[in-house]
Amino acid sequence: MSSFHRDTWVEVDLDCIYENVQAIQEHVTQDVTVIAVVKANAYGHGDAQVANVALEAGAKYLAVSFLDEAMSLRQQGITAPILVLGASRVSDLPLAAKEDITLTVFQKEWVEEATSAYQGSKEVKLHLKLDTGMGRIGARSKEEVAQILELIEKASNLQTEGIYTHFATADELQSDYVERQFERFHTLLNQITNKYRIPMIHCGNSATTLRFPKRIFNAVRVGIAMYGLTPSPEMEPELPFPLKEAFSLHTKLVHVKRLSIGESVSYGATYTTKEEEWIGTVPVGYADGWIRKLQGMNILVDGKLAPIVGRICMDQFMIKLPHELPIGTKVTLIGEQDGKKISSNDVAAKLDTINYEVPCMISYRVPRMFWRNGSIMEVRNYLQTNH
Ligand code: PMH
């Protein structure tokens with residue numbers, strides 16, 4: 001277990017993630033493979049810790065964005081299958097083979113190059129990505145899909161294990177666009193499935209999985225819901241089961257002072273006291289991902305809301321305290337105190353962004369503390385290299 005030497009930390013409640021994955025598995029039935037999306041350090045929650053608990057709860061596959069993220073999981077002892085969702089280099093095929101990592105393919109040229117460049121004897125599993133309207137990566141035409149599958153079929157060391165697409169608007173209750181994507185996916189699949197036997201077919205992110213559990217083929221790629229966050233505010237009233245938010249962020253007051261009327265706080269002197277005020281200094285700043293736009297946000301101290309006053313600095317900011325409080329008093333930026341809660345949704349609303357961005361933006365300077373079965377299971381300080 002690593003140690004840390006600053007009084008600022010993230011808590012990840014792995015019990016919440018366990019329960020969310022179980023609920024998702026029940027929702028889609030046991031026949032459907034849950035692929036736990038743990039890219040970007042599991043949306044800031046800790047890649048290996050989340051992966052392990054998701055696998056314990058029933059997930060059978062993991063997904064990351066690029067090969068280094070998959071390697072990070074392997075280096076932490078994870079042996080479950082891992083799908084890389086983004087682009088990989090042809091020259092990394094031997095590494096993917098050695099580490100048993102599944103790659104996404106979506107270009108005929110890439111597959112052509114791969115079939116000539118990769119001469120290894122060990123088979124590499126591939127999932128073919130189709131672009132049905134996301135407009136990001138994916139083969140779009142019937143012709144290209146057929147050519148890619150044929151090239152892979154001919155290569156003895158490549159296997160098409162899966163075929164998938166990604167929806168752009170599944171979290172919007174207005175369903176026209178997602179219906180069009182479903183339709184295009186079906187059309188492309190129809191020409192393939194009588195010719196090839198592809199074991200895994202998937203199109204579901206969290207929103208699709210929660211809203212259309214009967215239409216998600218035989219696997220789902222679930223990220224945000226596993227972390228206990230709703231894919232969009234408009235889906236909140238529609239949730240088929242409650243989600244448990246796993247991520248919280250805490251710190252402690254490092255300095256407390258009383259300012260008299262007319263005194264200013266922080267860079268630019270943008271905040272001036274209107275009365276005698278108790279001001280607390282909090283050792284978190286924009287380099288921790290707590291960005292300057294959060295000036296004015298309320299956070300929790302002593303069970304009460306307290307506003308951030310003055311500009312947020314790189315490593316510290318100030319709050320207006322409800323009254324005098326001792327140094328060392330716990331401050332909660334995301335999470336609960338005395339029944340009051342600040343959700344990642346609230347931070348996202350303040351920043352005019354989506355909740356996905358909030359745990360992702362809390363930087364590697366902030367250690368993660370992992371709770372499991374009601375007690376601390378592990379602490380990870382990313383600034384220590386011997387973790
Ligand atoms: N599949 C793919 C291909 C993805 O890119 C993502 C998330 C997921 C599944 C999981 O989605 P969920 O978290 O909504 O369940 N990708 C992204 C992204 O690129 N930006 O925000 C989320």
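The preceding data block contains the structure.
Would you mind going over a nonpolar patch on the surface with me for this structure?
Taken together, the side chains of Tyr286, Ile291 and Met314 present a nonpolar region at the surface, about 260 Å² in accessible area. Relative to the helices and strands, Ile291 is located in the loop between strand E14 (277–282) and strand E15 (298–301).

Which parts of the structure should I look at to understand the side chain of Arg372?
Along the chain, Arg372 turns up in strand E20 (residues 368–372). We classify Arg372 as buried; its relative accessible area is 13%.

Could you clarify how one ought to interpret the packing of helix H7 (residues 142–154) against helix H8 (residues 176–193) in this entry?
At a minimum axis distance of 10 Å, the contact between H7 and H8 shows a crossing angle of 40°. By the angle between their axes, H7 is oblique relative to H8. Taken as a pair, H7 and H8 cross one another with a handedness that is right-handed. Between H7 and H8, the contacting residues are Lys142, Val145 and Leu149 on the first element and Leu188, Gln191 and Ile192 on the second.

Just checking my understanding: could you explain the side chain of Thr104 for this structure?
Looking at the element boundaries, Thr104 is found in strand E5 (residues 101–105). At 2.6 Å, the side chain of Thr104 and the backbone oxygen of Val84 are in polar contact. For Thr104, the side chain forms a polar contact with the side chain of Tyr164, separated by 2.7 Å. With near-sequence residues (within four places) excluded, Thr104 lies in contact with Leu83, Val84, Leu85, Gly86, His127, Lys129 and Tyr164.

What should I look at first to understand the pattern of salt bridges in this one?
Applying the stated criterion to the full structure yields 17 salt bridges. A salt bridge links Arg6 to Asp288, with the nearest nitrogen and oxygen atoms 2.8 Å apart. On the criterion of sequence distance, the pair formed by Arg6 in the segment before strand E1 (8–13) and Asp288 in the loop between E14 and E15 is long-range, its members being 282 residues apart. According to the relative accessible area criterion, Arg6 is partly exposed, its value standing at 22%.

I would appreciate a short explanation of H8 in the present structure.
Since the α-helix advances by 3.6 residues per turn, residues separated by three or four positions end up pointing in the same direction. With 18 residues, H8 should cover 26 Å at 1.5 Å per step; its first-to-last C-alpha distance of 25 Å lies within 8% of that length. Of all the positions in H8, only Val178, Gln181, Phe182, Phe185, Leu188, Leu189 and Ile192 are classed as buried. Projection of H8 onto a plane perpendicular to its axis shows the buried side chains occupying an angular sector of 135°, all on one side. Those residues of H8 that are exposed and angled more than 90 degrees off the buried face are Asp176, Glu183 and Asn190. Buried residues along H8 sit against strand E6 (124–130), H7, strand E7 (158–165), strand E8 (200–204) and helix H9 (206–211).

Explain the site of the ligand here, please?
Not every one of the 13 residues close to the ligand is listed here, only the nearest: Lys39, Tyr43, Ser206, Arg221 and Tyr356. At 2.8 Å, a side-chain N or O of Arg221 approaches a nitrogen atom of the ligand. In the model, an oxygen atom of the ligand is placed 2.8 Å from a nitrogen or oxygen of the Ile224 main chain. Put simply, the parts of the chain that give the shell around the ligand at least two residues each are helix H2 (39–43) and strand E9 (219–222). The residue makeup of the shell around the ligand, split by class, is 6 nonpolar, 4 polar and 3 charged.

Before we go on, may I ask you to explain the sheet that holds strand E3 (residues 61–64) in this structure?
With respect to topology, 8 strands assemble into a closed barrel ordered E2-E3-E4-E5-E6-E7-E8-E9, the strand pairing being parallel. Geometrically, the sheet is characterised by an average inter-axis angle of 30° between neighbouring strands, direction not taken into account. Strands E6, E7 and E8 of the sheet are contacted by H8, whose axis makes an angle of about 175° with E8.

Teacher, can you tell me more about the pairing of strand E2 (residues 33–37) here?
It is a general feature of regular strands that their side chains alternate between the two faces of the sheet. When you tally the buried positions in E2, you get 4 out of 5 residues, the bulk of the element. The pairing of E2 with E9 spans 4 bridges and is parallel. Opposite Val34, over in E9, you have Val220 as the bridge partner. Relative to E3, E2 runs parallel, the two sharing 3 bridges. The residue of E3 that forms the bridge with Ile35 is Tyr61.

Would you mind showing me how to read the pairing of E14 here?
The buried fraction of E14 is high, at 5 of 6 residues. The pairing of strand E11 (residues 255–259) with E14 spans 5 bridges and is classified as antiparallel. Each bridged residue has a counterpart across the sheet, and for Val256 the counterpart in E14 is Gly280. With 4 bridges joining them, E14 and strand E17 (residues 317–320) adopt antiparallel strand pairing. The partner of Val282 across the bridge, within E17, is Phe317.

Conventions we followed
- Residues numbered from 1 in each chain as written.
- Predicted model: local features only at pLDDT ≥ 70, side-chain atom pairs only at ≥ 80, totals over all residues.
- Heavy atoms only, no water.
- Patch = residues over 30% accessible without salt bridge, like charges linked within 9 Å, V, L, I, M, F, W, Y side chains within 5 Å.
- Areas by Shrake-Rupley, 256 points an atom, 1.4 Å probe, with all protein chains shown as cover.
- Salt bridge = Lys/Arg side-chain N within 4 Å of Asp/Glu carboxyl O.
- Helix = DSSP H or I, 4+ residues; strand = E, 2+ residues; numbered from the N terminus.
- Buried < 20%, exposed > 50% of the residue type's maximum accessible area, 1.4 Å probe, protein only.
- Axes fitted to C-alpha atoms, helices over the stretch in contact; angles between N-to-C directions.
- Parallel < 35°, antiparallel > 145°, perpendicular 65-115°, else oblique.
- Left-handed = near helix turned anticlockwise from the far one by under 90°.
- Contact = heavy atoms within 4.5 Å.
- Polar contact = N/O pair within 3.5 Å; in protein donor to acceptor, adjacent residues only side chain to side chain.
- Expected span 1.5 Å × (residues − 1).
- Arc of directions from axis to C-beta.
- Near = heavy atom within 4 Å.
- Nonpolar A, V, L, I, M, F, W, Y, C, P; charged D, E, K, R; others polar.
- Pairing = 2+ DSSP bridges.

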